[in-house]
Amino acid sequence: MAVRTTRTREEARVTIDHARCRQCGLCVAVCGMTLTMQEGRVRVTAGQGFGCIGCGQCMAVCPEGCINVEGRTLTPQDVWPLSPAQAQASYESLRALMVARRGVRKYKEQNVEPATVEQILAAAAMAPMGLPPSDVSVMVLENREKVEQFSDDFVEYIKRKRWLFSAPAVGLLRPFIGRETAEMMTDFVRPFMDLAIEGKKRGEDFVLYGAPLAMLFQASPYSDPADPHIAATYAMLAAEALGLGTCMIGTVAPVLKHAGALKAKYSVRPDMRQGLMVLFGYPAISYSRGIRRTFARIDYV
């Protein structure tokens, strides 16, 4: 039985060119399920576990390039040689990018070029996922006008729903949602709604901050809940490397889950379970210093 997603319901198919295979066993070592070594020869074992999930690791590790995987959206053309180690990012360069990153909420008027948008999406598509193929979808608001229209529609929606976060409503819900959720609704969600609604009256955008580009990364019911957040992080880092400022917005997706008409208007997947919005644009303000971050705790066990 194949592992299902909204994109596929089949196992991938593995073929081996035995004339070129040196029986090194690397593919068997990274697979451990579909590929086995029998009598000194690599074999494809059908019906074991949940079958080939199409991760492509066997193709990626084979020094002779004699393994092909097709299915579950994967083809042999999806594999290419890696750059030499010296051409890959060092820890120092990656950390420098991470340290310099700030949540940007002030952007220049300039829209992000379509070629740059495609570069961001191409990098984000490389993000790991719970099980391949990725079941993450991306909704792109590709210019300032579309971002502004979405923000306007979003504020109109929360205007109608603001009563759900009033003190009496939260008090009634507290036994069912727990203390922490109730406190978050009181301390953050309701003040955010008030700020966004009042800001719109003054021509200020406290939802998407007038960004020229926004992407909503969405997970299906089949996805690992972390999948859209990891893809969004890849997009954020790619954009930073391309000279853009970014900001992650966690307030949009939880509201959209219950906004049927708004989801339909903006082609948000109707079955979205988890999601995260990321803003992109050329920063209007430059930063001179980094800020140290810490975890709540680290336990070595």
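Everything numeric here is computed off the predicted structure, so don't read it as measured data.

What counts, and at which threshold
Residues numbered from 1 in each chain as written. Predicted model: local features only at pLDDT ≥ 70, side-chain atom pairs only at ≥ 80, totals over all residues. Heavy atoms only, no water. Helix = DSSP H or I, 4+ residues; strand = E, 2+ residues; numbered from the N terminus. Buried < 20%, exposed > 50% of the residue type's maximum accessible area, 1.4 Å probe, protein only. Contact = heavy atoms within 4.5 Å. Areas by Shrake-Rupley, 256 points an atom, 1.4 Å probe, with all protein chains shown as cover. Axes fitted to C-alpha atoms, helices over the stretch in contact; angles between N-to-C directions. Left-handed = near helix turned anticlockwise from the far one by under 90°. Nonpolar A, V, L, I, M, F, W, Y, C, P; charged D, E, K, R; others polar.

(A) Examining the overall build of the protein more closely. Helices and strands together make up the secondary structure of the protein, namely ten helices and eight strands. Expressed along its principal axes, the backbone C-alpha trace of the protein runs to roughly 75 × 45 × 45 Å. Across the 301 residues that make up the protein, the buried fraction comes to 39%. For the protein, long-range pairs separated by at least 24 residues make up 76% of all intrachain contacts whose partners lie at least 6 apart in sequence. Accessible area of the protein: about 17800 Å², with a carbon and sulfur share of 55%.

(B) The arrangement of the packing of helix H6 (residues 167-177) against helix H7 (residues 179-201) in detail. Running from N to C, H6 and H7 point in directions that differ by 145°, and their axes come no closer than 7 Å. Here H6 runs over H7; the crossing is right-handed. Across from Val 170, Leu 173, Arg 174 and Ile 177 in H6, the residues of H7 making contact are Arg 179, Thr 181, Ala 182, Met 185 and Thr 186. Considering only residue class, the contact of H6 with H7 consists of five nonpolar, two polar and two charged.

(C) Seen up close, the environment of Ala 253. Take Ala 253: it is sitting in helix H9 (residues 252-256). Remark: the alpha-carbon pair of Ala 253 and Val 30, spanning 223 residues in sequence, is separated by 36 Å. In this structure Ala 253 touches Leu 216, Met 272, Gly 275 and Leu 276, once residues within four positions along its chain are discounted.

(D) The arrangement of unusual backbone geometry in detail. In this structure, Pro 133 follows Pro 132 across a cis peptide bond, with omega equal to -5°. Looking at the element boundaries, Pro 133 is found in the loop between helix H4 (114-124) and strand S5 (136-141). Backbone geometry at Gln 23 places phi at a positive 55°, although glycine is not the residue there. Summarising the element assignment, Gln 23 is placed in the loop between strand S1 (13-16) and helix H1 (26-31). Despite not being glycine, Ser 267 has its phi angle at roughly 55°, a positive value. Along the chain, Ser 267 turns up in the loop between helix H10 (260-265) and strand S8 (274-281).

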